[in-house]
Amino acid sequence: MSRRDERRSARADRELRQRLDHLTEVSELAAAGPGRLPTDLAEDVAATVERAQTRLGRGADRTVVALAGATGSGKSSLFNALVGEDVSPVGVRRPTTSTARAAVFDADGALGDGTTDLLDWLQVPQRHVVPTEHAPDLHGLVLLDLPDHDSVEADHRAEVDRLVEVVDAFVWVVDPQKYADAALHEQYLRRFAGHAAVTIVVLNQVDLVPEQGRQGVVDDLARLLEADGLHRVRVVATSTVTGEGVDALRRELAARTAERRALVARLDADVDWLADQLAGRVSDRAPEPVGRGTRRDLARAFADASGADAVADAVGAAHRRRAAQAVGWPPTRWLGRLRPDPLRRLGLDRPPPEPGTTTVGRTSRAAPSTVADAALGRAVRDFVDDAAAGLPPAWQDRVGEVANARRGDVADALDRQIGSARLPTEPAGWWRAVSGLQWLLAGIMAIGLVWLVVIGVIAWFALPDLPTPEIGEVPWPSAMAIGGALAGLLVSVLARAIAGIGAKRRAAAARRTLTDSVSSTADDLVADPVDAELAALAELRSSVRELR
């Protein structure tokens, strides 16, 4: 091999390994997310990666060529002719090759540890070493005589199918009578149409065809190969009876062995085939992260499903009720206790867990209604439609599966968030001052009433009148009783109005707190997993494009 060829071979090897790295990424991404690729294609990718890495790990100093053909094609006779010895038994009426047989061409006449390891991996137990002192250009060739691909024995066909997946190059042997056999063309030649660079087709037993008709048979075979997709494949006509074409085939094998490029070409063809298959399974455009608007819409739907509005309204109602008890007119405060506390009814009348604790808040809210659950389902579907817009149907289904993977955890997670939220339920600072003022006014009213009662008792018993100071023409007792009551009621009305404003503000603050809290649940259970899946799909698409 010239230095130029060595550089070209080294460059091809580097490029192949880079492509295999990308294919490995595809395999790992497919394995991590069932549904990202069809199961059979994902399995093919994984098997190709493993097979390629294993084969490359055994070096490229040996070129493995499979000699395959149908019963009666003279394949084993051709194998013996190439080897120069009767190594493989020859049958006339039925297949005699039941397992693959290897002929190793070696200048030293020895297998060597590397070749033994390679043949062990190929699971070829029958091995024959061919010294190459008279044909040094064949050094490094490992020629396999495979069982007949049309054998009546299923084990024979399985052996052929196994080995054609791992050899470096193919020599398909056909005869003039059965070169158009549909089984050969449909099951093998068309299947490996992308492997033309490592394929040779041998038209054997040409001695059975009149000389003037041989070129026509060769041309017809070439036409069939073109129809199979095997373009510019080398076709060699041979006869083991006359020896015609055997040297030409030997030279062809020698050239491919000397180049040391068959292995890379074979694996490149495998990757090309997978790249074509994968290209039709990935998106034309790169998946993008979930937009803020889409996340916001989902969070709103989660908040609706959680009953955040009802809880916020309960916070406002509880604030008004507690304010009435704290700053209302003392003689009538007890009436407020007859109404149930809205937060207590929801199980939210206790302090929230302290930050950093492991306490889990719980509520006594009713489970989401069927209508709320259906609305949430629609919201998730809308979210998936927005997030996966423009992706292939299989990827849209995959995004939908990820979005709904934890659907059963939603109700519990929302209850935890509501129960753990720090709602604004603490007493207002002004309540204590107003409450003190109310008690003062109530006390003034009580003193006035007691004073009036004392005056009435004295008058009842016709006792001397007590001196009663006046404010203008109004006696002090009356002014204290009436004024205290009116002032207390007025303060109650003003306090109720102020508490109503505070209740609205607290309800709005609670709604914001709950929405933010519930948004984290929407992110944790739906949006973030979908974002991660879209990123993985984008990476998968990028790796597939690098294979081209």
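The structure presented is a predicted model; accordingly, all values stated were derived computationally and were not measured.

## Remarks on the overall build of the chain
Thought 1: For the chain, the helix and strand inventory stands at 17 helices and 9 strands.
Thought 2: A buried classification covers 46% of the 548 residues belonging to the chain.
Thought 3: The long-range share in the chain, meaning contacts at least 24 apart out of those at least 6 apart in sequence, stands at 80%.
Thought 4: Of the accessible surface of the chain, which amounts to about 27,600 Å², a share of 54% is contributed by carbon and sulfur atoms.
Thought 5: Charged side chains in the chain number 67 positive and 77 negative. The centres of these two groups are separated by 9 Å.

## What about helix H13 (residues 370-387)?
Note: α-helices contain 3.6 residues per turn, so residues at a spacing of three or four share the same orientation.
Thought 1: Taking 1.5 Å per residue, 18 residues should reach 26 Å; H13 reaches 26 Å between its end C-alpha atoms and fits that length.
Thought 2: For H13, the set of buried residues is Ala-372, Leu-376, Gly-377, Ala-379, Val-380, Phe-383, Val-384 and Ala-387. Around the axis of H13, the buried residues are gathered within 160° of arc, so they sit on the same side. Along H13, exposed side chains directed more than 90 degrees from the buried face belong to Thr-370, Val-371, Arg-381 and Asp-385.

## A word on a nonpolar patch on the surface
Thought 1: There is a patch of nonpolar side chains on the surface, built from Val-453, Val-457, Trp-460, Phe-461 and Leu-463 and spanning about 590 Å² of accessible area.
Thought 2: Its location among the elements puts Leu-463 in the loop between helix H16 (430-460) and strand E8 (470-471).
Thought 3: Residue classification places Leu-463 among the partly exposed positions, given a relative accessible area of 46%.

## Describing the nonpolar core
Thought 1: Core analysis: the largest hydrophobic core is formed by 64 residues, its most contacted members being Leu-144, Leu-146 and Leu-253.
Thought 2: A total of 6 residues in this core trace back to one element, the largest contributor, which is strand E5 (residues 169-174).
Thought 3: Discounting chain neighbours no more than four positions away, the residues touching Leu-144 are Val-64, Val-65, Ala-66, Leu-67, Phe-79, Arg-101, Ala-102, Val-124, Leu-163 and Val-167.

## With respect to the pairing of strand E1 (residues 63-69)
Thought 1: Of all 7 residues that make up E1, 7 are buried, and the element is covered over most of its length.
Thought 2: Along E1, one buried face is formed by Thr-63, Val-65, Leu-67 and Gly-69 and the opposite face, lined by Val-64, Ala-66 and Ala-68, is buried too.
Thought 3: Where E1 meets E5, 5 bridges bridge the pair, whose relative direction is parallel. Across the sheet, the residue bridging to Gly-69 is Val-173, located in E5.

## Looking at the pairing of strand E2 (residues 101-106)
Thought 1: Burial analysis of E2 places 6 of its 6 residues in the buried class, which makes it a mostly covered element.
Thought 2: Taken together, the 6 bridges between E2 and strand E3 (residues 126-131) define a ladder with parallel strand orientation. Bridge assignment links Ala-103 to a residue of E3, and that residue is His-128.
Thought 3: Handedness of the crossover joining E2 and E3 through helix H4 (residues 112-122): right-handed.
Thought 4: The pairing of E2 with strand E4 (residues 141-145) spans 4 bridges and is antiparallel. Residue pairing in the sheet places Val-104 in a bridge with Val-142 of E4.

## A short note on the pattern of salt bridges
Thought 1: Taken as a whole, this structure holds 26 salt bridges when the rule is applied.
Thought 2: Note that Arg-62 is salt-bridged to Asp-106, the shortest N-O span being 2.5 Å. Within this pair, whereas Arg-62 is found in the loop between helix H2 (39-56) and E1, its partner Asp-106 is found in strand E2, the two being separated by 44 residues in sequence. Each member of the pair, Arg-62 as well as Asp-106, is classed as buried.
Thought 3: We note a salt bridge from Arg-266 to Asp-270, for which the minimum N-O separation is 3.1 Å. Residue Arg-266 and its partner Asp-270 are located together in helix H9 (residues 262-279), separated by 4 residues, close to a single helical turn. We note that Arg-266, like Asp-270, is buried.

## Examining the side chain of Arg-62
Thought 1: Residue Arg-62 is classed as buried on the basis of its relative accessible area of 8%.
Thought 2: Within the structure, Arg-62 has its side chain in polar contact with the side chain of Thr-115 (distance 2.8 Å).
Thought 3: Residues within four places of Arg-62 in sequence aside, it is in contact with Arg-55, Val-104, Phe-105, Asp-106, Ala-110, Leu-111, Thr-115, Leu-118, His-139, Gly-140, Val-142 and Asp-168.

## Brief notes about the side chain of Arg-506
Thought 1: Position of Arg-506 among the secondary structure elements: in helix H17 (residues 476-547).
Thought 2: For Arg-506, a relative accessible area of 13% corresponds to the buried category.
Thought 3: Once you skip the residues sitting within four places of it in the chain, Arg-506 turns out to touch Val-315, His-319, Pro-424, Thr-425, Glu-426, Pro-427 and Ala-428.

## Section: unusual backbone geometry
Where the residue is not glycine, phi is negative for most of them; where a peptide bond is considered, it is trans in most cases.
Thought 1: A positive phi is found at Gln-123, a non-glycine position, where the angle reads about 60°.
Thought 2: Note that Gln-123 resides in the loop between H4 and E3.
Thought 3: Positive phi values are uncommon outside glycine, yet Arg-260 reaches one of about 55°.
Thought 4: Looking at the element boundaries, Arg-260 is found in the loop between helix H8 (246-259) and H9.

## Structural notes on the packing of H2 against H9
Thought 1: Contact geometry of H2 with H9 gives a least axis separation of 11 Å together with a crossing angle of 165°. By the criterion of interaxial angle, the relationship of H2 to H9 is roughly antiparallel. When the axes of H2 and H9 are compared, the crossing they make is left-handed. The segment H2 lies against H9, with Leu-41, Asp-44, Val-45, Thr-48, Arg-51, Ala-52, Arg-55 and Leu-56 engaging Leu-263, Leu-267, Asp-270, Trp-273, Leu-274, Gln-277 and Leu-278.
Thought 2: Classifying every residue of the contact of H2 with H9 gives 9 nonpolar, 2 polar and 4 charged.

## Notes on the packing of aromatic side chains
Thought 1: As enumerated under the stated definition, the model contains 4 aromatic pairs in all.
Thought 2: Arranged with centres 5.9 Å apart and planes meeting at 15°, the rings of Phe-170 and Trp-172 form a pair that is stacked.
Thought 3: For Trp-172, a relative accessible area of 1% gives the class buried.
Thought 4: Through successive ring pairs, a cluster of aromatic residues spans Phe-170, Trp-172, Tyr-188 and Phe-192.

## Regarding the environment of Glu-539
Thought 1: Mapped onto the secondary structure, Glu-539 falls in helix H17.
Thought 2: Separated by 513 residues in sequence, Glu-539 and Val-26 have C-alpha atoms that sit 8.4 Å apart.

## Some words on a negative patch on the surface
Thought 1: A cluster of acidic residues, Asp-21, Glu-25, Glu-28, Glu-539 and Glu-546, forms a negative patch on the protein surface.
Thought 2: If you list the elements that add at least two residues to the negative patch, you get helix H1 (3-32) and H17.
Thought 3: Sorting elements by how many residues they give to the negative patch places H1 first, with 3 residues.

Definitions and limits used
- Residues numbered from 1 in each chain as written.
- Predicted model: local features only at pLDDT ≥ 70, side-chain atom pairs only at ≥ 80, totals over all residues.
- Heavy atoms only, no water.
- Helix = DSSP H or I, 4+ residues; strand = E, 2+ residues; numbered from the N terminus.
- Buried < 20%, exposed > 50% of the residue type's maximum accessible area, 1.4 Å probe, protein only.
- Contact = heavy atoms within 4.5 Å.
- Areas by Shrake-Rupley, 256 points an atom, 1.4 Å probe, with all protein chains shown as cover.
- Lys, Arg positive; Asp, Glu negative; His and termini not counted.
- Charge placed at Lys NZ, Arg CZ, Asp CG, Glu CD.
- Expected span 1.5 Å × (residues − 1).
- Arc of directions from axis to C-beta.
- Patch = residues over 30% accessible without salt bridge, like charges linked within 9 Å, V, L, I, M, F, W, Y side chains within 5 Å.
- Salt bridge = Lys/Arg side-chain N within 4 Å of Asp/Glu carboxyl O.
- Core = buried A, V, L, I, M, F, W, Y, C linked by side-chain atoms within 4.5 Å.
- Pairing = 2+ DSSP bridges.
- Right-handed = clockwise from strand over helix to strand, strands pointing away.
- Polar contact = N/O pair within 3.5 Å; in protein donor to acceptor, adjacent residues only side chain to side chain.
- Axes fitted to C-alpha atoms, helices over the stretch in contact; angles between N-to-C directions.
- Parallel < 35°, antiparallel > 145°, perpendicular 65-115°, else oblique.
- Left-handed = near helix turned anticlockwise from the far one by under 90°.
- Nonpolar A, V, L, I, M, F, W, Y, C, P; charged D, E, K, R; others polar.
- Phe/Tyr/Trp six-rings, centres within 6.5 Å; stacked < 30°, edge-to-face > 60°.

Function-wise, these values are silent; they only describe arrangement.
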